[in-house]
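# Reading the structure
Next come the chains, spelled out residue by residue.
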Amino acid sequence: MMFLLFLLVVIAGAMALAMMRSPGWLWAAGAAVAAFVWQSGFFVTGSIGWPQPGWLGLLAWIPAIVLGLLSVPTLRRSFVTGPAYGLVKGILPKVSDTEQQALDAGTVGFDAELFSGTPDWTKLRALPGIVLTSEEQDFLDGPTEDLCRLIDEWQLRHTKREIPSEIWDFVKEHGFLGMLISKDHGGLGFSAQAQSLILGKIASRSPDAVTIVMVPNSLGPGELIEKYGTDSEKQYFLPRLAKGLEVPCFSLTGPTSGSDAATMRDIGTVTRGTHDGKETVGIRLSWDKRYITLGPEATLVGLAFRLFDPENILGKGEDVGITVALIPADHPGVNIGRRHLPAGAAFPNGPNWGEDVFIPIDFIIGGEAMAGQGWRMLMECLAAGRAISLPSSATAGAKAMLRATTAYGRIRKQFGLPVARMEGIEEPLARMIENAYVNEAGRSVTAAMVSRGEKPSVISALMKYQTTERLRRSINDAFDIHGGRAICDGPSNYLMSAYQMVPVGITVEGANILTRTLITFAQGALRSHPYLYDEIKALQDEDQDKGLTAFDEAFCGHVAFSVSNMAGAFFHNLTIGLFANAPSDAGDSRNAYRQLSRSSRNFALVADLTVALLGGGLKTKQKLTGRLADALSELYLLACVLKRFEDDGRPKSDRPIVAFAAANGLYRFEQALRGTIDNFPNPVAKGLMRVLVFPLGRHYFPARDRLGSQIVKLAIEPGEVRDRLTRDIFISKDPNEATGLLEVTLEKVIASEEAEKKLERAIRAGTVRRYHGLDWIGDAVSKGVLTEAEGKLLKEVEELVARVIAVDHFDKDELRPNYMKPGHNTKAAEAAPTV
Ligand SMILES: Cc1cc2nc3c(=O)[nH]c(=O)nc-3n(C[C@H](O)[C@H](O)[C@H](O)COP(=O)(O)OP(=O)(O)OC[C@H]3O[C@@H](n4cnc5c(N)ncnc54)[C@H](O)[C@@H]3O)c2cc1C
């Protein structure tokens with residue numbers, strides 16, 4: 001018994017040392033104490049229940065001696081870390097320049113906390129909530145609302161198939177195109193949070209029209225000049241871009257270089273030539289780009305190309321590297337092609353190309369000094385920009401889908417019931433509520449990070465793919481709930497534009513499959529892991545001694561980290577997270593925080609073993625890295641959900657929504673982690689992870705059906721919960737506009753529910769007959785089933801409902817494409833010429 005107690009104390013002591021990431025000498029001391037107690041215990045207890053140590057007792061000193069020796073840095077470097085350093089250095093694949101620049105771009109933020117296994121919640125909670133200046137708020141409530149009212153979505157995406165000039169004029173006049181350009185240079189200088197909300201509101205009105213505002217305010221000439229331009233570029237171009245005197249586009253993608261943009265074949269050669277009649281150093285360029293948004297309307301073409309300097313005129317060697325230039329669209333030799341027709345949308349998008357076009361060297365953004373720096377510039381801007389543009393429109397889209405669908409589901413009746421009250425419909429509706437809440441939580445917290453100056457590369461990648469995927473799910477759910485009403489297109493269809501545009505968001509700024517399976521985890525593991533990046537940097541150090549010292553330090557930290565994760569994960573899983581870290585003032589969210597801390601430990605353990613055992617194979621094991629990206633995303637988004645709940649003042653009525661999102665988020669997290677472990681290629685590691693992560697089996701289950709019903713009931717009721725779920729989108733109250741009609745009708749439908757019940761009872765009883773050609777409401781009033789006022793209200797509701805459920809129909813000529821109508825150009829499509 002005593003000996004059993006001793007063994008338990010040894011195990012508990014070892015776990016405590018591991019979880020505290022104790023240094024080697026403390027482990028050595030602990031092992032020595034354990035060996036000593038074992039041997040002396042035999043004599044103290046008089047051998048009763050205490051086995052004689054014998055030669056095993058002597059062996060028990062070995063761990064103490066080995067650990068003690070390894071605590072001496074010179075010995076450790078000679079016998080362990082030194083040989084390991086040499087071995088790994090020899091086999092480490094070389095990180096390419098473009099990979100290195102992508103890794104160096106951006107900042108590490110809360111993602112590192114999740115990778116650490118012990119997230120510090122104060123760091124997340126210290127971020128401000130949604131804070132706008134009064135100028136930003138006025139802009140959101142004023143010009144942004146006005147712009148939304150100006151947009152006629154059907155005219156834009158069907159009748160005209162272009163963004164009408166009045167929309168262009170409006171956005172230019174009010175400075176929408178220069179939101180990220182500083183005030184000093186004539187822009188609005190808005191925070192990332194404000195930009196995100198403004199883009200979101202426009203996107204909720206028209207996912208198509210928002211593109212013309214989004215592109216100049218994300219990765220492109222404006223941002224590149226603001227950050228890397230010369231003073232004269234800033235003075236000249238930024239005020240012109242801010243006022244819309246110039247329309248920019250940014251050309252990176254070509255027919256042969258899509259996701260793998262760095263392998264572009266677009267080439268520039270440094271040479272001498274003539275520009276504006278003067279002999280000058282310049283670049284002779286040939287390029288072929290496609291899919292370029294705003295390209296057909298652009299006056300300034302931002303162009304990425306690979307620069308070579310065979311005569312070393314710039315003094316940077318022959319292969320200068322990827323470079324970004326700004327070329328006027330009317331520069332001799334620049335071909336702005338015709339238009340693509342992306343997803344049937346109206347925003348301008350098309351190819352551009354040129355062959356042997358001479359540009360002066362100062363067309364390079366940032367001038368000669370920035371020649372070869374293009375990839376770094378792009379990666380740095382992408383790290384921040386990707387966190388704003390697509391997450392804001394995907395969030396607004398999810399909210400707009402929810403707003404419309406909750407109204408329609410309450411208005412549309414079948415089998416005598418609003419369809420939203422049927423359990424089958426509740427399921428997708430609950431999912432839409434979760435997506436709207438979670439996307440907004442992630443959007444607002446991430447925008448707050450960017451507003452504070454962070455460029456969160458890993459978080460921006462996961463936000464991009466997660467929010468756009470969730471939007472895709474919400475749109476599909478909205479379609480299913482609307483049935484045929486969603487499928488038939490026309491001016492009264494308020495869903496089709498989002499349905500058409502969703503693949504665009506999925507594909508641009510890093511297509512989702514690539515972003516999920518290659519970027520998020522692989523980059524995250526290297527950047528956000530507490531030791532890995534330091535180890536790799538040390539291994540790449542040219543100076544062997546310096547490299548070995550740095551490697552030794554990082555390696556020891558890494559070992560302590562790995563051991564601590566094993567002990568911490570096992571302990572928290574055995575104790576179902578009861579002792580995991582949660583802020584003391586977390587109130588009702590305490591358990592969710594604890595489960596997040598516990599899950600973060602599990603993630604850290606599995607991620608660490610994956611990186612350690614797969615190493616360079618990570619790039620090809622994309623089914624594993626994709627799952628780990630999902631696991632990381634669920635942790636991040638759930639942390640954002642808890643923060644949003646607190647920032648909103650912990651409204652009691654939002655608690656079930658948070659509980660629903662937390663249960664599902666943890667469940668999906670566990671599935672992703674379980675999938676990684678079950679498919680892990682190394683059987684020993686697989687077994688170890690199973691024991692440590694799932695000692696008691698599965699931990700989490702999807703949210704209960706009852707909770708789903710509860711949140712749907714809250715969301716289909718006009719009021720604070722529905723308004724909070726769909727905040728900051730464009731909401732029309734105009735019954736002559738498709739979504740405005742929904743809002744007006746919803747209120748009336750609810751006001752008439754009692755009268756409607758009376759009428760239904762009379763119809764079921766056969767007192768009143770409801771068939772085309774009969775006046776059943778008048779009949780019900782004359783028979784005393786309804787009062788005059790009730791009859792009047794029901795008549796009004798019937799008319800409104802008839803308009804809500806109506807679908808558009810057209811003469812066949814109206815549906816004929818514009819180019820087939822008399823007087824239009826009927827030229828057949830041609831492939832863009834290639835160079
Ligand atoms: C409407 C629209 C607007 C655009 N606007 C612009 C613009 O303004 N400027 C600009 O420069 N570009 C623009 N693009 C281009 C866009 O960025 C590319 O389409 C995108 O990078 C993907 O390239 P791709 O279409 O050639 O797909 P591909 O690269 O051919 O990819 C096909 C599929 O393979 C996956 N994949 C590729 N490599 C990997 C990998 N290593 N691991 C896992 N999966 C992988 C991708 O995720 C994708 O699902 C636009 C595209 C569209 C459709």
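Residues numbered from 1 in each chain as written. Predicted model: local features only at pLDDT ≥ 70, side-chain atom pairs only at ≥ 80, totals over all residues. Heavy atoms only, no water.

When you go through the protein chain residue by residue, the secondary structure sums to 36 helices and 9 strands. Expected size for 835 residues packed as a compact globule is a radius of gyration near 28 Å; at 32 Å, the protein chain falls within 12% of this value. Taking the principal axes of the C-alpha coordinates as reference, the protein chain spans close to 105 × 90 × 45 Å. In the protein chain, which comprises 835 residues, the share counted as buried stands at 54%. A separation of at least 24 residues holds for 76% of the contacts in the protein chain among residues at least 6 apart in sequence. (Helix = DSSP H or I, 4+ residues; strand = E, 2+ residues; numbered from the N terminus. Rg over C-alpha atoms; globule rule 2.2 N^0.38 Å. Buried < 20%, exposed > 50% of the residue type's maximum accessible area, 1.4 Å probe, protein only. Contact = heavy atoms within 4.5 Å.)

Under the criterion given, the structure shown has 53 salt bridges. When the shortest N-O distance is used, the salt bridge between E113 and K123 registers 2.9 Å. Highlighted residues: E113 in helix α7 (residues 110-116) and K123 in helix α8 (residues 121-125), separated in sequence by 10 residues. Judged by relative accessible area, which is 12%, E113 ranks as buried. Across the salt bridge formed by K183 and E135, the nearest N and O atoms sit 2.8 Å from each other. (Salt bridge = Lys/Arg side-chain N within 4 Å of Asp/Glu carboxyl O.)

Looking at the protein chain, pLDDT values average 93 and 97% of them are 70 or higher. Note that residues 826-835 has pLDDT below 50 and, in this model, 15 contacts with residues that lie over four places away or in other chains. (pLDDT = per-residue confidence, 0-100.)

A separate point is the site of the ligand. F250, L252, T253, S259 and Y291 are the nearest of the 21 residues found near the ligand. For the ligand, an oxygen atom lies 2.8 Å from a polar atom in the backbone of L252. Taking S259, its side chain carries an N or O atom lying 2.7 Å from an oxygen atom of the ligand. For the ligand, whose accessible area on its own is 980 Å², the fraction buried by protein is 69%. For the shell around the ligand, the secondary-structure elements that each account for two or more residues are β1 (248-251), β3 (278-293), α22 (496-507) and α23 (512-528). Top contributing element to the shell around the ligand by residue count: α23, with 4 residues. (Near = heavy atom within 4 Å. Polar contact = N/O pair within 3.5 Å; in protein donor to acceptor, adjacent residues only side chain to side chain. Areas by Shrake-Rupley, 256 points an atom, 1.4 Å probe, with all protein chains shown as cover.)

With that settled, consider a nonpolar patch on the surface. A grouping of W55, L56, L59, I62, I65, V66, L69, L70, V72, L75, F79 and V80 is seen on the molecular surface, where their side chains present a nonpolar patch of about 1,100 Å² in accessible area. Elements with a contribution of two residues or more to the nonpolar patch: α3 (54-59), α4 (61-70) and α5 (73-91). Broken down by element, the residue count for the nonpolar patch peaks at 5 residues, all from α4. (Patch = residues over 30% accessible without salt bridge, like charges linked within 9 Å, V, L, I, M, F, W, Y side chains within 5 Å.)

With that settled, the discussion passes to the environment of E113. On a C-alpha basis, the gap between E113 and H529 in space is 8.9 Å, while along the polypeptide they are 416 residues apart. Only 2.8 Å separates the side chain of E113 from the backbone nitrogen of D120, close enough to count as a polar contact.

Most of strand β4 (residues 300-308) sits inside the fold, with 7 of its 9 residues counted as buried. As paired strands, β1 and β4 are joined by 4 bridges and run parallel to one another. Considered in β4, the bridge of F250 is made with G302. With 3 bridges connecting them, strand β2 (residues 267-275) and β4 associate as parallel partners. Bridging across to β4, T269 finds its partner in F308. As judged from the 9 bridges shared by β4 and strand β5 (residues 319-328), these two strands associate in the antiparallel manner. Across the sheet, F305 pairs through a bridge with T323, a residue of β5. (Pairing = 2+ DSSP bridges.)

Before going further, it helps to examine the state of the cysteines. By definition, a disulfide links two cysteine residues through a covalent bond between their sulfur atoms. Summed over all chains, the structure comprises 0 disulfides. With no disulfide of its own, C249 lies closest to C381 among cysteine sulfurs, the gap being 16 Å. Residue C249 is classed as buried on the basis of its relative accessible area of 1%. (Disulfide = S-S within 2.5 Å.)

The full count for this structure, using the stated rule, is 17 aromatic pairs. An angle of 55° between the planes, with centres 5.4 Å apart, marks the rings of Y85 and F551 as tilted. Here F551 lies in helix α25 (residues 544-574) and Y85 lies in helix α5, a separation of 466 residues in the sequence. With respect to burial, Y85 and F551 carry one shared label: buried. Ring geometry for F551 and F555: centres 5.6 Å apart, planes at 20°, overall stacked. One end of the pair, F551, and the other, F555, are both in helix α25, 4 residues apart, so they sit about a helical turn from each other. Residue F551 is classed as buried on the basis of its relative accessible area of 4%. (Phe/Tyr/Trp six-rings, centres within 6.5 Å; stacked < 30°, edge-to-face > 60°.)

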